[in-house]
Amino acid sequence: LAVASATVPTIAYADDASEQVVSEVSVQGNDTVAVQTVLSQLRTVPGKPVSTQILSEDLKRLYSLGYFKDVQIKQDTDPATGKLKVIFIVKEKPVLREVEITGNVKIKTKDLEAKVKSKAGDFFDEQQVRRDVDAAKKLYEEKGYYDAGVRYKMDFDPTANQAKLAIIVEE
């Protein structure tokens with residue numbers, strides 16, 4: 001009995017459509033996030049049948065952690081033993097090595113830092129950085145500086161998977 005399913009681009013399905021039991025689950029590509037952190041989020045576990053629905057849920061859970069910019073799932077069946085190995089291949093977001101605020105004169109750096117939630121050691125989250133920029137702009141407006149501009153710049157070091165975030169104020 002063949003089962004037709006839509007292919008999800010980040011999941012590689014095993015050739016055999018029959019219900020296989022997972023013999024091993026592994027994680028690849030992580031440098032900062034511990035393997036146990038990833039595995040603790042998964043419902044795909046050794047000894048249980050593989051399920052497209054559960055793999056899809058696992059994928060969503062891993063993305064929701066906020067640590068990864070890409071997650072792929074690969075299934076390998078050993079032709080000799082027939083054992084199924086499920087591999088979660090992750091690509092971590094860059095870690096902020098530094099967050100710097102520049103260009104501010106009229107508002108103290110410590111007051112702006114209180115509004116900026118992105119901190120050194122966090123994973124880079126573009127949505128959070130946009131909220132940080134908006135919060136800094138709002139602080140300037142609250143102080144009566146309506147013409148102040150705030151933007152950000154990120155310098156990324158791909159070899160270390162780290163970034164320096166600069167919040168740039170133009171008073």
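Quick note: structure is the one above.
Residues numbered from 1 in each chain as written. Predicted model: local features only at pLDDT ≥ 70, side-chain atom pairs only at ≥ 80, totals over all residues. Heavy atoms only, no water.

Q: How would you explain the pairing of strand β3 (residues 84–92) if you had to name every residue and give the values?
A: Of the pairings in the sheet, the one linking strand β1 (residues 22–28) to β3 comprises six bridges and is parallel in character. Residue pairing across strands places Gln-28 opposite Ile-89, the latter belonging to β3. Here strand β2 (residues 68–77) pairs with β3 via nine bridges, running antiparallel. Paired with Asp-70 across the bridge in β3 is Lys-91. Where β2 hands over to β3, the hairpin turn is made up of six residues, of which Gly-82 adopts a positive phi near 80°. (Pairing = 2+ DSSP bridges. Helix = DSSP H or I, 4+ residues; strand = E, 2+ residues; numbered from the N terminus.)

Q: Break down unusual backbone geometry for me, with residues and values.
A: A positive phi angle, near 50°, is found at Asn-161, a position not held by glycine. Looking at the element boundaries, Asn-161 is found in the loop between β5 (149–157) and β6 (162–170). Looking at Asn-161, the relative accessible area reads 17%, which means it is buried. (Buried < 20%, exposed > 50% of the residue type's maximum accessible area, 1.4 Å probe, protein only.)

Q: Which residues make up the sheet that holds β5, and what values go with them?
A: Taken in spatial order, the three strands make up an open sheet running β4-β6-β5, and their pairing is mixed. Edge positions in the sheet fall to β4 (95–102) and β5, since each of these pairs with one other strand and no more. If you compare each strand with its neighbour and ignore which way they point, the axes differ by 15° on average. Pairing of β5 with β6 involves nine bridges; the strand directions are antiparallel. Counted as the bridge partner of Asp-157 is Gln-162 from β6. Strands in contact with helix α4 (residues 126–142) are β5 and β6; relative to β5, the strand with the most contacts, it is inclined by about 150°. (Axes fitted to C-alpha atoms, helices over the stretch in contact; angles between N-to-C directions. Contact = heavy atoms within 4.5 Å.)

Q: Talk me through the nonpolar core; I want residue IDs and the actual numbers.
A: Core analysis: the largest hydrophobic core is formed by 19 residues, its most contacted members being Leu-62, Phe-68, Val-86 and Phe-88. Going through the elements one at a time, β1, α2 (52–64), β2 and β3 are the ones with two or more residues in this core. Top contributing element to this core by residue count: β3, with four residues. The residues contacting Phe-68, other than those within four sequence positions of it, are Val-33, Val-38, Leu-62, Tyr-63, Val-90, Lys-91, Glu-92 and Lys-93. Listed in part, the 17 residues of the second largest apolar core include Leu-96, Val-133, Ala-136 and Ile-167. (Core = buried A, V, L, I, M, F, W, Y, C linked by side-chain atoms within 4.5 Å.)

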